[in-house]
Each structure stands twice: as structure tokens, then as C-alpha cells.
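Letter by letter, the chains look like this.
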Amino acid sequence: MRSPAQTHPAGAPWRNWSGLEEATPSRVETPASVAAVVEAVRRAREDGTSVKMAGTGHSFTAIAAPEHALLRPEGLTGILDVDREAMTVTARAGTPLKDLNLALERLGLSLHNMGDIAEQTLAGATSTGTHGTGGTAAGLAAQLAGLELVTGTGEVLRASATENPDVLDVARVGLGALGILTSLTFHVEPLFVVEAHEQPMTWDRALASYDEMVAAAHHVDMYWFPHTDAMVVKQNVRTDLEPGEQEPPSRLAAWWEDDFVSNTVFGGLCRVGSRAPGLVPRINRLAGHALSERRYSDLAHRVFVSPRRVRFREMEYAVPREVGLDVLRECRRVIEASDWRIAFPVEIRTAPADDVPLSTSYGRDSLYLAFHVPADTDHRAYFGGLEPLLREAGGRPHWGKVHTRTAADLAPAYDRFDDYLALRDRLDPDRVFTNAHLRRVLGD
């Protein structure tokens, strides 16, 4: 008897959020159980084909692109278990991060840290090394206490500190190449309130005070507008306020700053800049001063996460923290010496070292530099012009964002790359989960 799974007509193309990658799977299913995932994997193995569980497509690369069968995540969502003694929460792997945040809020719980977008599935976000800024753990994967996956042989394998700990160690950032994640267990904290301070700042002042700000605030995020000296700096500090005591921005203020200015106005300015590149420096000066200084407090996930309706392409590198600001200065020098017209700000964040073997912050404190262009803009000259500089500085590319690196030059960047490859050989010996992108970054 077949396990429950909804089957969809083949032939409809899969596209990622940015529109940069697409594929046409031969079969599409929405499994509603672990057993249905097992069946799909075993079928692919028997047929000598591959199967991918795609999330919401927020990776800018083809890391999740299906070559044969595509599994959709919508049937594997929701909270499975809450352990208040261990302070862990287990959720199905297809759960969007935004839904987990709301469910945790209702439970009086929170993740420690997260990125500024919450549309991704839990599996997709952890598998590609999604991260926030600051804190004691920036990456989602560093907050994992356990996971369950279906291996390339169809085995259901659970991993935690006490069960298959070697798998948990490596598979926290698994790139979708070790198995199909079916559930994830996160370390959580009591729900907490963050005070946000957002302000315009000049380039010189922001860089001169950056280390001081990072030391004083739990989470610091900066945006530099190319062709200008304009920065926007966000400093978030955990408070002793109880949930319910926070003072969030009014609905009007939140709509104006986070929706209208940051999305509607910014999107319009990007469209103008795409049509008239010569106007980009003036547009960036305007955009850099459009957001006014403000302070407010709110629940952590409401502060960390922002709506993002303007679609873009992105390259992000983690460089060693101690050289990070110098690398940023050199990137500015290259941009100013070029004829590029960059309408999107450069984002600057930090992360403490973690112990996840394929995390971009493995073994070292990192500074993240993220470069963007509108989704309809050719990114190759800009990203390609900066990538050698970032690589030379010891940078590691975000696994879910645009880069040109291959297995040959990624392996030296990670002390435990061979450990990862050995686990891949063990869990997916027949390469049931491979695709062209994974063959490039991991080899065959």
C-alpha cells in the first residue's frame, strides 16, 4: 500500500525566488509523512535517478534544483514536540521559519537568533547555513539539538547528542546532499524582548565605531549605499522587559518605515536606477537618508525579521573578523574604481565562531559582506569583480547565495571538508540527492 503523498503533473518548471535558476522535474510529489519520503527515495534509487526536496526557493543558487523527482515541503509542517525541561522544540522540516516563530511565540519561547528573512523552510535555512548577526550563535544550524533524515538508501536516521552524534555534528549544514530532512530539533529560550536602535550614519563614523557598537549591542547590522558615504546602522539589544511590556512602533510608523519606504519606495528607486544607471549615485544618496532614526522594542523575531518584497540576486562571503573591515574598504575601492552602478546596499554583519563543519563561521569569528543587485540585473561583472578579493582574504561563500567556487577550492577553506565527504559517501553512496550544482561544489 502506498504511503500518503500528493502527486502533481510533471512538466511544470521549478524556479527559485530570484528567478535566477529553474528546472523541469520529471515527477512532483508532496509527501505527507516520513514513510512517503522513504518511498520516494527508494523509488529514485531503484530507478537510478535523483530526488530533491526543495524548500521555498530562497537560495539564489541551484542547490535545490531537481534533475528528476521533486518533493515539495508543504505536507511536512508543524510542531511535533516541546520539551520544556531540555528547552528544545522539534518541528517538521518543511515548516516555514515564519510559522515556527509564531508557534514559538504562542508557547512563550524563541530561537536565540535568526536572519532577516523568514520565508524559508527550516530544512532549507539550516542546510544552507542561514544566519543572523551577533549573539552567541548567529547561524540557525548552530542552534540545532537534533535532526531526522531519510538517507540515500531509504533509512530513517535520527541524530542527537546521544544518538548518532557524528551525523548531527556534520549534517547540521548538510547542503541537501546527505539526506532529506524530515524534522529538526532546536535549542530554544524563553520569549524575549529586543530594543532596536536604527539610525543613519556616515561611512567614516560607522567603521570607526563598529567594534565599539558590536561590543555594546548583541546584534549589529549595517547597510552601506555604494557611490555614497551613507550608512544605515541597526543595533539590537536584549532587554529585561517581559513580553507584553515592549513598545513596538505604531502601525503607521511600521508601515511607513518597513513596508512603504523599505519596499515600495526602494523598489521604485531600483526600477529607476535600472533604466537610468547614471542616476544611481543620486538615488542611493536619497535612499541612504530616507530612513529616519528610531527606537522601539518588540519580541525578538519581530525585530530580527523584515518584509522583503523587492526581489534581488545576492552574493555573500564570510571573511575572518579581524580583517573584515579592511576587506570592506577594499571592496569599496574596487567599486569606486569601476563603471558599475550599484543600486542595492551592501550588508555587513558579524558572527561568532561555531563548530558546524560546513558553517561559514566554522572555527573563527566572521564578518559577513553581502552584495545585491535587483533580480532583473546582470550580476556577473559586479559579483565576479569582487569575488577574487573575497576569496584571497580567506572568505567562504554562503552556500545558498551566488558564487563560482568549486570543490577543488572550497575544500582548503574548510578543515573538515573531508569529514563531510566521508559522511556523504556513507549516507548517499548512490548520489540519490545530487544535482549539477552539488557536483560542482562537492565533486562526484
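Residues numbered from 1 in each chain as written. Predicted model: local features only at pLDDT ≥ 70, side-chain atom pairs only at ≥ 80, totals over all residues. Heavy atoms only, no water.

Enquirer: Can you tell me about the overall build of the chain, naming the residues and giving the values?
Expert: When you go through the chain residue by residue, the secondary structure sums to 14 helices and 21 strands. Here the C-alpha atoms of the chain give a radius of gyration of 21 Å, agreeing with the 22 Å that 2.2 N^0.38 yields for 444 residues. Within the chain, the fraction of its 444 residues that count as buried is 59%. A fraction of 72% describes how many contacts in the chain between residues 6 or more apart in sequence connect residues 24 or more apart. Of the roughly 18,000 Å² of accessible surface on the chain, a fraction of 50% belongs to carbon and sulfur atoms. The average position of the 47 basic charges and that of the 60 acidic charges among the side chains of the chain differ by 6 Å. (Helix = DSSP H or I, 4+ residues; strand = E, 2+ residues; numbered from the N terminus. Rg over C-alpha atoms; globule rule 2.2 N^0.38 Å. Buried < 20%, exposed > 50% of the residue type's maximum accessible area, 1.4 Å probe, protein only. Contact = heavy atoms within 4.5 Å. Areas by Shrake-Rupley, 256 points an atom, 1.4 Å probe, with all protein chains shown as cover. Lys, Arg positive; Asp, Glu negative; His and termini not counted. Charge placed at Lys NZ, Arg CZ, Asp CG, Glu CD.)

Enquirer: Give me the sheet that holds strand β14 (residues 193-202): which residues, what numbers.
Expert: As summarised here, the arrangement of the 8 strands in space is β17-β14-β16-β15-β19-β20-β18-β21, forming an open sheet in which the pairing is antiparallel. Both edges of this open sheet fall to β17 (294-299) and β21 (396-397), since each of them pairs with a single strand only. Note: strand β18 (residues 312-320) against strand β20 (residues 366-374), 9 bridges, orientation antiparallel. By the bridge assignment, E314 is partnered in β20 with H372. Running at roughly 10° to β18, helix α11 (residues 380-392) makes contact with β18, β19 (346-351) and β20 of the sheet. (Pairing = 2+ DSSP bridges. Axes fitted to C-alpha atoms, helices over the stretch in contact; angles between N-to-C directions.)

Enquirer: Break down the sheet that holds strand β12 (residues 180-187) for me, with residues and values.
Expert: What the 5 strands build is an open sheet, ordered β7-β8-β12-β10-β11; its pairing is antiparallel. The sheet terminates laterally at β7 (79-83) and β11 (156-160), the two strands that pair on one side only. Recorded for the sheet is a direction-independent mean angle of 10° between the axes of neighbouring strands. Sheet topology note: the strand β8 (residues 88-92)/β12 ladder contains 5 bridges and is antiparallel. Bridging from a neighbouring strand, R92 pairs with S183 of β12. Of the strands in this sheet, β10 (144-150), β11 and β12 are in contact with helix α1 (residues 34-47), which crosses β10 at around 50°. Of the strands in this sheet, β7, β8 and β12 are in contact with helix α2 (residues 97-107), which crosses β7 at around 40°.

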